[in-house]
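# Results of the structural survey
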Amino acid sequence: MDSNIVASNFIEQAIIEDIKEKGLKKIVTRFPPEPNGYTHIGHAKAICIDFLTAEKFKGYTNLRMDDTNPNKESEVYVKALMEDIKWLGFKWKNLTYASDYYEFLYNCAIDLIEQGKAFVCDLSAEEVSSMRGTLTEPGKESPYRNRSIEENLKLFKEMRAGKYADGEKTLRAKIDMSHPNINMRDPVIYRILHVKHFRQGDKWCIYPMYDFAHPLSDAYEQVTHSLCSLEFEDHRPLYNWFVDNCRILPGVKPRQIEFARLNIDGTVMSKRYMHELVQKGYVDGWDDPRLPTLSGFRRKGYTPSAIREFCTRIGVAKSNSIVQPHILEACIREELNKNAVRVVAVLDPIKINITNYPANKTEKIAISNNPTIENSKKHNILFSNELYIEREDFMIEPTNKFFRLTLNGYVRLMGAYIIKCDEVVKDKDGNIDHLNCSIVYDAKEQNIKPKGTIHWLSRNEAVKIKTRKFHSLLKEGEVYESGMVDKIINPNSMEEHISFIEPFALKQKSNLQFIRNGYYIEDSRLSKKDDRVFLETVSLKDSK
RNA sequence: UGGGGUAUCGCCAAGCGGUAAGGCACAAGACUUUGACUCUUGCACGCGGUAGUUCGAAUCUACCUACCCCAGCCA
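Residues numbered from 1 in each chain as written. Chains lettered and ligands numbered in written order. Predicted model: local features only at pLDDT ≥ 70, side-chain atom pairs only at ≥ 80, totals over all residues. Heavy atoms only, no water.

### What to know about the overall build of chain A
When helices and strands are counted, chain A shows 15 helices and 27 strands. The C-alpha radius of gyration computed for chain A amounts to 31 Å, which surpasses the reference 24 Å derived for 544 residues by more than 25%, pointing to a less compact arrangement than a globule. Principal-axis analysis of the C-alpha atoms places the extent of chain A at approximately 100 × 55 × 45 Å. Expressed as a percentage of contacts within chain A between residues at least 6 apart in sequence, the contacts between residues at least 24 apart total 71%. Looking at chain A as shown, the accessible area adds up to about 25,500 Å², and 47% of this sits on carbon and sulfur atoms. (Helix = DSSP H or I, 4+ residues; strand = E, 2+ residues; numbered from the N terminus. Rg over C-alpha atoms; globule rule 2.2 N^0.38 Å. Contact = heavy atoms within 4.5 Å. Areas by Shrake-Rupley, 256 points an atom, 1.4 Å probe, with all protein chains shown as cover.)

### Regarding helix 9 (residues 271-279)
Listed as buried for helix 9 are Lys-271, Tyr-273, Met-274, His-275, Glu-276 and Leu-277. Tucked inside the fold, the buried residues of helix 9 contact helix 2 (41-56), helix 3 (75-88) and helix 14 (485-488). Positive phi appears at Gly-281, one or two residues downstream of helix 9, with a value of about 75°. (Buried < 20%, exposed > 50% of the residue type's maximum accessible area, 1.4 Å probe, protein only.)

### Re the packing of aromatic side chains
Any two aromatic rings considered together are summarised by their centre-to-centre distance and by the angle between their planes. The final tally for this structure, using the stated rule, is 23 aromatic pairs. Ring geometry for Phe-156 and Tyr-190: centres 5.3 Å apart, planes at 65°, overall edge-to-face. Placement of Phe-156 in helix 6 (residues 149-161) and of Tyr-190 in strand 6 (residues 188-192) is noted, with a sequence separation of 34 residues between them. Since its relative accessible area comes to 0%, Phe-156 is described here as buried. An aromatic cluster is built from Tyr-102, Tyr-106, Phe-156, Tyr-190, Trp-204, Tyr-207, Phe-212, Trp-241 and Phe-242, whose rings are joined through pairwise contacts. The lysine or arginine in question, Arg-298, covers the ring of Trp-87, its NZ or CZ lying 4.8 Å from the ring centre. (Phe/Tyr/Trp six-rings, centres within 6.5 Å; stacked < 30°, edge-to-face > 60°. Lys NZ or Arg CZ within 6 Å of the ring centre and 35° of its normal.)

### What to know about the nonpolar core
Within the largest apolar cluster, 48 residues are counted, with the highest numbers of intra-cluster contacts made by Ile-41, Ile-85, Leu-88, Leu-262, Ile-307 and Phe-310. Secondary structure elements with two or more residues in this core: helix 1 (10-22), helix 2, strand 2 (60-65), helix 3, strand 9 (255-259), helix 10 (294-300), helix 11 (304-314) and helix 12 (325-339). The greatest single-element share of this core, amounting to seven residues, is contributed by helix 2. Aside from chain neighbours lying at most four places away, what touches Ile-307 is Ile-41, Ala-44, Trp-87, Leu-88, Leu-294, Phe-297 and Tyr-302. Cys-108, Tyr-190, Phe-212 and Trp-241 belong to the second largest nonpolar core, which has 40 residues in total. (Core = buried A, V, L, I, M, F, W, Y, C linked by side-chain atoms within 4.5 Å.)

### Topic: the pattern of salt bridges
The final tally for this structure, using the stated rule, is 32 salt bridges. We note a salt bridge from Arg-313 to Glu-309, for which the minimum N-O separation is 2.7 Å. Residue Arg-313 and its partner Glu-309 are both found in helix 11; the two are separated by four residues, about one turn of the helix. Of the charged contacts, one joins Arg-459 and Glu-386 as a salt bridge, the two residues approaching to 3.8 Å between their closest N and O atoms. Taken together, the residues Arg-459 in the loop between strand 22 (456-458) and strand 23 (463-470) and Glu-386 in strand 15 (residues 386-390) connect sequence positions 73 residues apart. On the basis of relative accessible area, Glu-386 is assigned to the partly exposed category, the value being 35%. The structure contains a network of salt bridges with shared partners spanning Asp-122, Arg-147, Glu-151 and Lys-169. (Salt bridge = Lys/Arg side-chain N within 4 Å of Asp/Glu carboxyl O.)

### Things to note about helix 8 (residues 236-245)
Those residues of helix 8 lying buried are Leu-238, Tyr-239, Trp-241, Phe-242, Val-243 and Asn-245. Elements that come into contact with the buried residues of helix 8 comprise helix 4 (102-114), strand 5 (170-173), strand 6, helix 7 (210-220), strand 8 (225-229) and strand 9.

### Notes on the domain arrangement of chain A
As far as domains go, chain A holds domain 1 (10-259) and domain 2 (347-460). Centre-to-centre, using C-alpha coordinates, domain 1 lies 64 Å away from domain 2. (Domains from an automatic or database assignment.)

### Section: the sheet that holds strand 3 (residues 95-97)
Spatial strand order, 1-2-3: three strands in an open sheet with parallel pairing. Every other strand in the sheet has two partners, leaving strand 1 (28-31) and strand 3 as the edge strands with one partner each. Recorded for the sheet is a direction-independent mean angle of 35° between the axes of neighbouring strands. Pairing between strand 1 and strand 2: four bridges, direction parallel. (Pairing = 2+ DSSP bridges. Axes fitted to C-alpha atoms, helices over the stretch in contact; angles between N-to-C directions.)

Take a look at the structure:
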C-alpha cells in the first residue's frame, strides 16, 4: 500500500490510520442503494465518495443493491441505478445484492441464536414499540426473551418455513433493553413478510432488517470501509455488535464511517417527494428537468464531469450543510463555456425591421462555433431585413446600466451591423409589435461605438421551436412535508415559449447549448422522431 | 431529563499547538463583435461563547450556548 497518500478529508485520514494499524492490504468500499427510486444528485455525492476513495487507495468498489424490503423494491430501479452510475463514469468491481446473501444471513442468525444472542419474540409491533422505552426511560424486556436456544432454533426455522403470518413473530437480537442508544434495545433483525421478492420470488417469507443485513453483507464482501450518511451514526454500535458477534464472518472487519448527506438550497432530495410528483403527474417523469435526479440533469444537458466536479468542490465533512445551487451551476457553465458548440437562439423574440436594407437581399455571416476555442470552426447564419432579437435586449427608456438596444440608441448585431432603433411600432393593445431600425453604414466615420452587442436571427431562416423555462417546483418559502405536494407545488414551475433557433442547430447531434445571461438550453430530442423540435430552457440564475 | 453528532467569511470547506488554504457568491478595474468569457485586485486581526493551560490556541482543558439525528416488524 502506498504510504505517501495524503488525506484530503477525514474519511481518507481514517483509512490511512486503519492501514497503519490494521495492516490492510486492499481498500474496498461499496455503494449500497435500495432499488426503490431513481438516482439523484445526493446519491451522486455518495457514489463519488465511495468510488473515489477506493480509487485513491487503489482499491475497488462494489455496487450492492440493498434489497431487504420486498415491499418497495423493483427491477426497474436496479436498471436505472446501474445506468446512472455508468453515466457518471464509475465502474464497480462486483454487482451484488443483499438478497444474494439471504442464506448466509440466515446462517448468521442461527449462529446468534446458538450463542444465546438472539431470540424469537411473539410481541406485536405495537407491543414492541410500547416496551421499547423512550429517549430518556429504559425499555422493558420481552417476556419471550429467555426462551431456550432449542426453542428459538425451532421457532426461527418455523418462521422461515412459513408457519406464521406476517407480524406474528420476529427474531430479535438480545442486547440491552436499558441501553441509552435505542438501537441497541433488542432490535428486530428478521420480520415475516409473505411478499414476493423481485429477485427471490417466493423463496423467502422472512426478511432481514437493514441493521442486520448491512454490516454482515459488508463483512461477507470483505468491504473494509462502509461509508454512509450521518443519520446512521447511532447505528454504528449495532453495526459493530453484529460484526463482533457473528462467528462465521470471514477476514477483516469492516468499519462504518459517516458523512453529511447533500442538501441543495431550494431542492427537495427525498425519494418520497419525487415519487409523489411523478405519480400525481406534476412532472413528466423521473427525468423531468425540474427534478434533481441524474436523469433529469442528463436531460437538461448536464455532463457527468460537471456533476463529478460539483461533488469534489463541495467536499466531504460531517457538518449538516446546505449548498447553494450556484456551485453546481458554476460547474456546468464552466464546462459548457469551454466545450459546447454554440448556436444562436432567440428565446423570447420581438421582430425588428431594417428599413435601409434591401428586402430581397441576404448575406452570410460567419460566427464561431465557440469563441473560447482558438481557431474554432465557424458556421454561417443569414442576415436580412427582417430579424428577431431577444425581447430583453430592448428597452424604450434605458435604465442606468442597460447597454443594449434602446429607442434612438445604437447596438451592434453580433457578427453584423451596428443599428439604430428609430421607431417603436405598437399594436392596438399598446404592446410592441415590431421595431423599425436602420443600419448605420458609416459608424466608423461617425465614430459610433456601441457598448452592447446582441444576438439576432433572420426571420426567413429561423426555425420555430417550442422551449420551456423551468422554475422551482416549490412555491417560494414553502417547505416540503410528506403528503404536502398538492399544497406546495408552484403552478408556474414551467413556462412554455415559442422561440427560434438557427438551422445549424438541427444538424448538431447532441448537447446544443446557448449561453447568455445564465440561460441554458438543451436539445436532447432535437433530432428525434416526428420532426418535432423541442427545446427545454432553464435559467440557471432562477433555478432556485 | 437519555444517547449520538456538528459549530471556521453570504454558501461550501481546509486547518490537527507556531500566528486563518481554496472554491462559489459578491465588489472594483482591464479586455471584449453577446457588459458573456478571460485577466487583475479586494473580500474572517477572526475561527459559537466564557474561562483556563502555554512563550504562543481555530487547534489542548473546563464550563456554557445553538443547531441536527435517534423511540419503523423502512433504509
